[in-house]
Each structure stands twice: as C-alpha cells, then as structure tokens.
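Working through the structure, step by step
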Amino acid sequence: MTQSFLPFSKPTIDEATIAAVGDVLRSGWITSGPKVQAFEKALSDYLDGRIVRTFNSGTCTMEIALRIAGIGAGDEVITTPISWVATANVIIETGATPVFADIDPITRNIDLDKLEAAITPRTKAVIPVYLSGLPVDMDRLYAIAKKHNLRVIEDAAQALGSTWKGKRIGAFGDFVSFSFQANKNVTSSEGGCLVVNNADEARLAEKYRLQGVTRSGFDGLEVDVLGSKFNMTDVAAAIGLGQFAHIDAITEKRRGLAQHYFEMFGPDFEAQTGAQLPVADFENSNWHMFQLVLPERITRAAFMEKMMERQIGIGYHYPPIHLLKLYRDRGFREGMFPIAERVGRLIVSLPMFTAMSKEDVERAVGAVKSVLA
C-alpha cells in the first residue's frame, strides 16, 4: 500500500485557536488591538519581563533594531553566510555594509573566532543566527561585543524556546528578534517580535512599526522619524497566542523527536555514509529543524528527488548568501567562505514538526539510509 506523503513541515492549529480567530473576526477589530497587546504581554512574561513588541514579520524586526541602534551608511555589520537572505538584506536596507564571517563546521553557526577577526573600526553591530534553534556560545558572543563596543541583534528567528545555561534566549542580551512565520515552532501565520532594552527603544520601535506616528489626546498626531507599515494584526496575534500557550510542550516534543532521529540513525551512521548529523544538543536547542550535511558523493538535488520518490518531504536551509547575485554584485565571490559554501551546497532539512510521530521519524530515517546506500 502506498504510504501518504510526509511533509517537511506542517503547522498544528488547534480548534481553540481557530475559534479565537473567529472571535476576532466577529469583534470588528481585526487590525492591531487587544490581542496584539495580550500577545506582547505573554511574550514579555515568558522572557522574564523584558519589553517585547510584535510586528508583521521577523525580518522588519532586525531592520528596526539596526535603526534603533543608529546603524547606517558607512557602518559595517557582521553576520553569517548561512541564513535566510533577510538576515543580510536588512543590513543593506539601512544603508550599512554587510560583512560575512565563515561558519563553524560542527554547529553550522557563525564561527566566533572568525567574527572577531572580521571586526574593523567601521564595525558597529553583529547579527548572529541560531540555525535550527541552536544558540552560539552566548558568553563568548557578548564578551566580544563588549570588548569592541558593538550592538548585538540576535537573529533568533528559529530559537523561541531555546536556552543558554538554563536561561531562555530573549530573556537576556541586547536586541533579540523572533519569527512566527508558518513553519516556526510557534506561528502566527506570519509575524515576528523584537525584544528591546528599555522604554525609549520600545517607543522608537513603535514609531518605526507604524509610519513614525505618535498619537496624543483625542486628535494629536506627530511624525518625527520615517517609519513604515509593520504592525501585527489581531488575527495574527490570536493565532500566536493560541500557539504560544503550548510553547513548553512544543519544545519538549521536538526535542523528543530529535532524540529519536539520533537513535534511529545509530552511532555508525556518519562513518558508514559520510553524512554529518547535527550537534546532539537536547538542553539548549529547541530543534526547529533537523539537518544533515550530505556526503560529497551525491548532489542535493539528486538526494531530494529520491526522498520525494519515497514520499518524504525535504527542504534545504540555506544557500550561502554571499553567492546570490545581489551579493556577487557587491564583490563577494566563491572561495571566500569555504565551510559555508560546502555546507550550503550539501545541507538538507528532514521532516520536523510538532504533530510528527516516532513512526514518521523512522520512515524519514529509513528513506535517508536507503538513498545514501
């Protein structure tokens, strides 16, 4: 009997959340309103009382953080070549110059030694990315930032529920950006939030979120900065609240699925196939994704095709940013970041979503072993 298709990712929206969205639609208040405020409060409570503002994406949050930090023309911002292209695009949006540092071959996150080596007098900020929800060495990251007087904008898009030494990502540090895009552990269909450091930054974030507007009294309106249209709707916030209510259970479930992946691959998988498994971190990572780096003997396209033939969804995250045309046109070229280039050419993402079963994991692993054999 033909097995059903196992998708790479699939959101789980419960009936209570669907009902909450219906309530919002019936209320007549569907743009930013009480649900957005409730979502921001829930996120703030979760992150030890830090100030949180929500937005319509996890991309604009990073751009806004850069603008709050005063980053602009003439400044450099260091980030990783292995991320969704938005991580670097926001740097260009502010007029600053993106600078890349190669990745660590084991964690696949930015190599902090190479990050520090890339710092120049023009460097004003760094944007680390926590690939698949695995944080970098946070102690070292912030020691480097303090030493060189740099702002940190954490691209924690994939890391809601991740921790560092028992403390939640976002509950400490500088700016922290999360995404609630459709395939994230917690989704609002589309959306994101930014953790800021004080009330002044929060007010500025609110201005950038909605055309630079400040309202006062019944009819007072002023604009003193150039903002845009980045506000989250109450419809999205209702979805986010429904999802966020289960954050701890979601994180625990995904860690269990990741553990089962390792059990099914077994201790000899890497030696037998030449593939590379992710870091087996079940304390800090929220396991947003489970990623393999394939052996050189098979192309990613061929692997993906054969997995699809076996009814297993597959993704890849991400191609190296510096080799995309927009960045080649800015002077980046092949050979500059060899580890990122190898990983970006061979990395694949296996099915990982909250509603998966252990049997689904076993199907995925069986298909991987069959293809690589």
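Residues numbered from 1 in each chain as written. Predicted model: local features only at pLDDT ≥ 70, side-chain atom pairs only at ≥ 80, totals over all residues. Heavy atoms only, no water.

Considerations on the overall build of the chain
Assigned secondary structure in the chain consists of 14 helices and 13 strands. Relative to its length of 373 residues, the chain is compact, with a C-alpha radius of gyration of 21 Å against a globular reference of 21 Å. By its C-alpha atoms, the chain is 70 × 55 × 35 Å across when sized along the principal axes. For the chain, the share of sequence-separated contacts (at least 6 apart) that also reach a separation of at least 24 residues comes to 70%. For the chain, the exposed area adds up to about 16,100 Å²; of that, 54% sits on carbon and sulfur atoms. Charge centroids of the chain, computed over 40 positive and 44 negative side chains, lie 2 Å from each other. (Helix = DSSP H or I, 4+ residues; strand = E, 2+ residues; numbered from the N terminus. Rg over C-alpha atoms; globule rule 2.2 N^0.38 Å. Contact = heavy atoms within 4.5 Å. Areas by Shrake-Rupley, 256 points an atom, 1.4 Å probe, with all protein chains shown as cover. Lys, Arg positive; Asp, Glu negative; His and termini not counted. Charge placed at Lys NZ, Arg CZ, Asp CG, Glu CD.)

Quick word on the confidence of the model for the chain
Scored by pLDDT, the chain has a mean of 97; 99% of the residues are at 70 or more. Model confidence for the chain, summarised as mean pLDDT per element, is weakest for strand S10 (residues 213-216) at 95 and strongest for strand S2 (residues 76-79) at 99. (pLDDT = per-residue confidence, 0-100.)

Here's the deal with the environment of threonine 299
Its location among the elements puts threonine 299 in the loop between strand S12 (290-293) and helix H11 (300-309). Note: C-alpha distance between threonine 299 and arginine 345 (46 residues apart in sequence) is 8.3 Å. Of note is the side chain of threonine 299, whose polar atom sits 3.1 Å from the backbone nitrogen of alanine 302. (Polar contact = N/O pair within 3.5 Å; in protein donor to acceptor, adjacent residues only side chain to side chain.)

A closer look at the nonpolar core
The biggest cluster of nonpolar side chains holds 49 residues, and the ones touching the most others in it are Tyr261, Phe265, Phe290 and Phe303. For this core, the secondary structure elements donating two or more residues are helix H9 (247-265), S12, H11, helix H13 (338-346), strand S13 (347-350) and helix H14 (358-372). Here the element with the most residues in this core is H14; it accounts for 7 residues. Residues in contact with tyrosine 261, not counting those within four places in the same chain, are Phe290, Leu350, Pro351, Met352, Met356, Val361, Ala364 and Val365. (Core = buried A, V, L, I, M, F, W, Y, C linked by side-chain atoms within 4.5 Å. Buried < 20%, exposed > 50% of the residue type's maximum accessible area, 1.4 Å probe, protein only.)

Focus: the sheet that holds S2
Ordered by their spatial adjacency, 7 strands build an open sheet running S1-S9-S8-S5-S4-S2-S3, and the pairing between neighbours is mixed. If you trace the sheet from one side to the other, it starts and ends with strand S1 (51-55) and strand S3 (97-100), each paired once. Taking each pair of neighbouring strands and ignoring which way they run, the sheet shows an average axis angle of 25°. Against the sheet, helix H2 (residues 34-46) touches S1 and strand S9 (192-196), its axis set at about 135° to S1. (Pairing = 2+ DSSP bridges. Axes fitted to C-alpha atoms, helices over the stretch in contact; angles between N-to-C directions.)

A word on the pairing of S1
The element S1 is extensively covered by neighbouring structure, given that 4 of its 5 residues are classed as buried. Relative to S9, S1 runs antiparallel, the two sharing 5 bridges. In the strand pairing of S9, threonine 54 is matched with cysteine 193.

Some points on the packing of aromatic side chains
Pairs of aromatic rings are described using the distance from one ring centre to the other and the angle between the two planes. Enumeration over the complete set of coordinates arrives at 17 aromatic pairs. Judged by centre distance (6.4 Å) and plane angle (65°), the ring pair of phenylalanine 39 and phenylalanine 244 falls under edge-to-face. Here phenylalanine 39, found in helix H2, pairs with phenylalanine 244, found in helix H8 (residues 234-244); they are 205 residues apart in sequence, far enough to count as distant. The pair formed by phenylalanine 39 and phenylalanine 244 is uniform in burial state, with each residue classed as buried. Considering the side-chain rings of phenylalanine 265 and phenylalanine 269, the 4.4 Å spacing of their centres and the 40° angle between planes classify their relative orientation as tilted. (Phe/Tyr/Trp six-rings, centres within 6.5 Å; stacked < 30°, edge-to-face > 60°.)

Remarks on the environment of serine 349
Along the chain, serine 349 falls in strand S13. Overall, the relative accessible area of 0% leaves serine 349 in the buried class. Separated by 57 residues in sequence, serine 349 and leucine 292 place their C-alpha atoms 6.5 Å apart. If near-sequence neighbours (up to four positions away) are discounted, serine 349 is found in contact with Phe8, Met289, Phe290, Gln291, Ile314, Gly315, Tyr316 and His317. Reaching out from serine 349, the side chain makes a polar contact with the side chain of histidine 317 at a distance of 2.8 Å.

Regarding the pattern of salt bridges
Counted under the stated rule, the structure contains 20 salt bridges. Among the salt bridges present, the one from lysine 147 reaches glutamate 116, with a minimum N-O distance of 3.1 Å. With lysine 147 in helix H6 (residues 138-148) and glutamate 116 in helix H5 (residues 112-117), this residue pair connects regions lying 31 residues apart in the sequence. Linking glutamate 201 and arginine 151 is a salt bridge whose minimum nitrogen-to-oxygen distance equals 3.2 Å. (Salt bridge = Lys/Arg side-chain N within 4 Å of Asp/Glu carboxyl O.)

As for the state of the cysteines
Inspection of every chain in the model, using the stated rule, returns 0 disulfides. With no disulfide of its own, cysteine 60 lies 11 Å from the sulfur of cysteine 193, the closest cysteine sulfur. Under the relative-accessibility criterion, cysteine 193 is labelled buried at 0%. (Disulfide = S-S within 2.5 Å.)

Quick word on the packing of helix H1 (residues 15-27) against H8
Interhelical geometry of H1 versus H8 gives an angle of 155° and a closest axis separation of 9 Å. The pairing of H1 with H8 is recorded here as roughly antiparallel in orientation. H1 and H8 meet at a crossing whose hand is right-handed. Residue-level inspection shows Thr17, Ala20, Val21, Val24 and Leu25 of H1 in contact with H8, the latter providing Asp234, Val235, Ala238, Ile239, Gly242 and Gln243. A per-class count over the contact of H1 with H8 returns 7 nonpolar, 3 polar and 1 charged. (Parallel < 35°, antiparallel > 145°, perpendicular 65-115°, else oblique. Left-handed = near helix turned anticlockwise from the far one by under 90°. Nonpolar A, V, L, I, M, F, W, Y, C, P; charged D, E, K, R; others polar.)

Thoughts on the pairing of S13
Alternating residues of S13 divide into Ile347 and Ser349 and Val348 and Leu350, and every residue in both groups is buried. Direction of pairing for S12 relative to S13: antiparallel, over a ladder of 4 bridges. Note that in S13 the partner of leucine 292 across the bridge is valine 348.

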